[in-house]
Amino acid sequence: MAVVNRTPDSFYDGGRTFALDAAVAAALRAAGEGADWVDVGGVPFSPDTPAVPLAEELDRVLPVVAAVRAASDVVISVDTARPEVAAACIAAGADVVNDTSGLRDEAMVEVLAATGANVVVVHSLAAPHTHHPRPAYGDVVTEVAQFLRGRVERAIAAGVAGGRIVIDPGHDLNKNTDHSLELTRRLAEIAAIGWPTLVALSRKDFVGETLGRPKEDRLAGSLAAATLCVAAGARVVRTHDVAATVDAVRLTEAVLGRRAPVERRHNR
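Rules of the game
Residues numbered from 1 in each chain as written. Predicted model: local features only at pLDDT ≥ 70, side-chain atom pairs only at ≥ 80, totals over all residues. Heavy atoms only, no water. Helix = DSSP H or I, 4+ residues; strand = E, 2+ residues; numbered from the N terminus. Rg over C-alpha atoms; globule rule 2.2 N^0.38 Å. Buried < 20%, exposed > 50% of the residue type's maximum accessible area, 1.4 Å probe, protein only. Contact = heavy atoms within 4.5 Å. Areas by Shrake-Rupley, 256 points an atom, 1.4 Å probe, with all protein chains shown as cover. Axes fitted to C-alpha atoms, helices over the stretch in contact; angles between N-to-C directions. Parallel < 35°, antiparallel > 145°, perpendicular 65-115°, else oblique. Left-handed = near helix turned anticlockwise from the far one by under 90°. Nonpolar A, V, L, I, M, F, W, Y, C, P; charged D, E, K, R; others polar. Arc of directions from axis to C-beta. Polar contact = N/O pair within 3.5 Å; in protein donor to acceptor, adjacent residues only side chain to side chain. Pairing = 2+ DSSP bridges.

Asks: Pulling in residues and values, what's your account of the overall build of the protein?
Replies: Helix and strand content of the protein: 10 helices and eight strands. A compact globule built from 268 residues should have a C-alpha radius of gyration of about 18 Å, and the protein, at 18 Å, falls within 12% of that. With respect to the principal axes defined by its C-alpha atoms, the protein has extents near 60 × 45 × 40 Å. Within the protein, buried positions represent 49% of all 268 residues. Long-range pairs, those at least 24 residues apart, make up 66% of the contacts in the protein with a sequence separation of at least 6. Summing over all exposed atoms, the protein offers an accessible surface of approximately 12,000 Å²; the carbon and sulfur share of this is 53%.

Asks: I'd like a rundown of the packing of helix α1 (residues 20-32) against helix α2 (residues 54-71), residues and numbers included.
Replies: Packing of α1 against α2 brings their axes to within 9 Å, and their N-to-C directions diverge by 45°. Taken together, the axes of α1 and α2 lie oblique to each other. Classified by chirality, the crossing of α2 by α1 is right-handed. Contacts between α1 and α2 involve L20, A23, V24, A27 and L28 from the former and P63, V64, A67, V68 and A71 from the latter. Among the residues making up the contact of α1 with α2, the classes are represented as 10 nonpolar, no polar and no charged.

Asks: Break down the packing of α2 against helix α3 (residues 83-91) for me, with residues and values.
Replies: At a minimum axis separation of 10 Å, α2 and α3 run at an interaxial angle of 20°. It follows from the interaxial angle that α2 and α3 lie roughly parallel. Between α2 and α3 lies a crossing whose hand is right-handed. Here α2 contributes L54, E57, L58, V61, L62 and V65 to the contact with α3, which in turn contributes E84, V85, A88 and C89. A per-class count over the contact of α2 with α3 returns eight nonpolar, no polar and two charged.

Asks: Before we move on, could you go through helix α6 (residues 177-185) and cite the residues and values that matter?
Replies: When we look at burial in α6, the residues that qualify are T177, H179, S180, L183 and T184. Buried residues along α6 cover an arc of 160° about the axis, so they all sit on one side. Opposite the buried face of α6, at more than 90 degrees from it, the exposed residues are D178 and R185. Turning to α6, the residues buried within the fold contact α5 (140-157), α7 (187-191), α8 (205-211) and α9 (219-231). Between a side-chain oxygen at the N-terminus of α6 and the backbone nitrogen of D178 the separation is 3.1 Å; the capping residue is N176.

Asks: Any details on unusual backbone geometry? Residues and values, ideally.
Replies: Of note, the phi angle at R134 is positive, near 50°, even though the residue is not glycine. Relative to the elements of secondary structure, R134 occurs in the loop between β5 (118-122) and α5. If you check the backbone angles, N174 has positive phi at about 55° while not being a glycine. Among the structural elements, N174 can be located in the loop between β6 (165-168) and α6. By relative accessible area, N174 is classed as buried at 9%.

Asks: Tell me about the sheet that holds strand β3 (residues 75-79), and please be specific about residues and values.
Replies: One open sheet holds the six strands; their spatial order is β1-β2-β3-β4-β5-β6, and the pairing between them is parallel. This sheet does not close on itself; its edge strands, each paired only once, are β1 (2-5) and β6. Across the sheet, the mean angle from the axis of one strand to that of its neighbour is 25°, orientation sign disregarded. Where strand β4 (residues 96-99) lies against β5, four bridges are found, and the strand directions are parallel. Bridge pairing in β5 places V97 opposite V119. Along the sheet, α5 makes contact with β5 and β6, crossing β6 at roughly 160°.

Spelled out as structure tokens, the structure:
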């Protein structure tokens, strides 16, 4: 899953894909590099950025979804917690809603049930764009798993098809570095919940703090975390660095016996 942020203040690229043509080009380039899925976002999760009104979020993401859908059959998700944005983007061709609020809004569940769209249910303690200082857990993995089970069960009871649900433990979302490392270490417990598991690790602060690296130097650490999670059962990896992540994941899958090598010439 490739990250395409149409924001002027995004976590990693600082607005490099804020212009509409740049965002569309980035999505299509990611698909060409091997991404199966592009994730279009118009509002950062961080509360340390200006608030984005509903109309502005729609203006940012809807044209990207429509343009990418017109040019490619790549899976498209919209990274939003607003049901109005989700509904409009689904109508424009988005396949998935990536909800970092964990389906807090009942109206989002209604949109998903009515449209039959897929959804990524993400764990966080607070709604996007909301401060939650010093998050505390008794056992972060157990509590994240309980949250995800509960939100999925509620969605299914409301009419969302179980086969359309993906779960994400939300590395770094209202979690400190120790929490995110523990989630990575015990990712198999999240995957064992039973729905496909997505991990969003790319360039995140827990990688930087663990290695003492700034954002631009976190690729190697991000790939290491991704391969550990894939080995533990993750099926989707959200990334800023598509080509490198595709290679790392495919090699991991080959070692695990899930993918055949492209060729077999050595010592033959």
